[in-house]
Amino acid sequence: MTRWYEGPLASFDTETTGVDVEGDRIVSAALVVQDMAGARPRVTRWLIDPGVPVPPAATEIHGLTDDYLHRNGRWPAPAVEEMARALAEQCAAGRPLVVMNAPFDLTLLDRELRRHRASSLGRHLENVPLCVLDPRVLDKHLDRYRKGRRTLTDLCAQYGVELEGAHDAAADALASLELVRAVGRRFAARMERLTAAELHTLQAVWHAAQARGLQAWFSRNGTEESVDPAWPLRPELPAAA
């Protein structure tokens with residue numbers, strides 16, 4: 001029987017105007033599908049004119065300027081709809097969906113759907129079995145005492161995964177996919193009896209525990225930042241009274 005980390009996987013990544021899932025916008029995204037380890041990946045890309053200025057700090061990271069997006073990007077509404085449908089198709093096909101730091105990318109896509117389509121990611125996924133694998137959550141649980149940062153670049157270096165063109169959505173999605181396979185192989189003795197669906201459920205528990213630990217650390221150090229324990233998708237904020 002093929003272990004989940006050697007079998008079919010899909011991976012999703014976005015590049016954005018910033019790090020606020022409630023207010024920032026998607027400027028590019030990619031879905032990478034691989035039928036088995038070592039197979040040639042199939043890549044779908046989206047480039048979006050977000051309708052708002054791209055801050056220089058964001059452009060410095062991903063290289064996408066206002067002018068370039070105005071000339072080459074698509075209107076957001078149909079693009080985000082296509083993304084949601086593409087993710088639902090992968091879930092319906094039974095492919096686990098790899099998303100590095102899933103609560104960021106999936107929540108941002110959800111908010112874009114609400115903004116431009118009066119819809120939600122949950123609506124697209126309500127009739128399919130959602131199964132997400134988040135290399136950040138997996139690594140923090142399986143190697144919890146290792147010190148150091150756990151960005152995609154750091155984790156790729158830790159697990160020997162090649163990352164060419166970081167902060168390009170397709171490059172990051174492919175690296176995340178290979179990273180999940182590498183994590184599975186390194187911790188095979190602890191992972192091989194678990195299905196991807198079981199891991200999806202466990203990661204929600206693990207992420208909540210990790211969030212509580214980070215929140216406690218912030219509190220001890222006088223930091224007012226709040227850590228959301230929800231995974232893989234943050235709930236919609238209640239409307240202001």
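In the block above lies the structure referred to throughout.
Read on for a plain summary of the structure.

Right, let's talk about the pattern of salt bridges for a bit. Per the counting criterion, the structure on display carries 16 salt bridges. Residue Arg115 is joined to Glu112 by a salt bridge in which the shortest nitrogen-to-oxygen separation is 2.4 Å. Highlighted residues: Arg115 and Glu112, both in helix 4 (residues 102-117), separated by three residues, approximately one helical turn. Between Arg146 and Asp143 there is a salt bridge, and its shortest N-O distance comes to 2.8 Å.

Attention shifts here to the nonpolar core. Ranked by size, the top nonpolar core spans 59 residues in total, and within it Trp4, Phe12, Leu31, Met83, Leu106, Leu109 and Tyr159 carry the most contacts. Considering each element in turn, this core owes the most residues, eight residues, to helix 3 (residues 76-92). Beyond its immediate chain neighbours, meaning those up to four positions away, Leu109 contacts Phe12, Ile26, Val80, Met83, Ala84, Leu87 and Leu121. Counting five residues, the second largest nonpolar core, distinct from the first, contains Val27, Val54, Leu64 and Leu69.

This part covers the packing of aromatic side chains. This structure, assessed with the given rule, holds two aromatic pairs. Considering the side-chain rings of Trp4 and Tyr5, the 5.2 Å spacing of their centres and the 90° angle between planes classify their relative orientation as edge-to-face. Using a relative accessible area of 1% as the deciding quantity, one classes Tyr5 as buried.

Reading the values: rules and limits
- Residues numbered from 1 in each chain as written.
- Predicted model: local features only at pLDDT ≥ 70, side-chain atom pairs only at ≥ 80, totals over all residues.
- Heavy atoms only, no water.
- Salt bridge = Lys/Arg side-chain N within 4 Å of Asp/Glu carboxyl O.
- Helix = DSSP H or I, 4+ residues; strand = E, 2+ residues; numbered from the N terminus.
- Core = buried A, V, L, I, M, F, W, Y, C linked by side-chain atoms within 4.5 Å.
- Buried < 20%, exposed > 50% of the residue type's maximum accessible area, 1.4 Å probe, protein only.
- Contact = heavy atoms within 4.5 Å.
- Phe/Tyr/Trp six-rings, centres within 6.5 Å; stacked < 30°, edge-to-face > 60°.

By themselves, these figures tell us nothing about what the structure is for.
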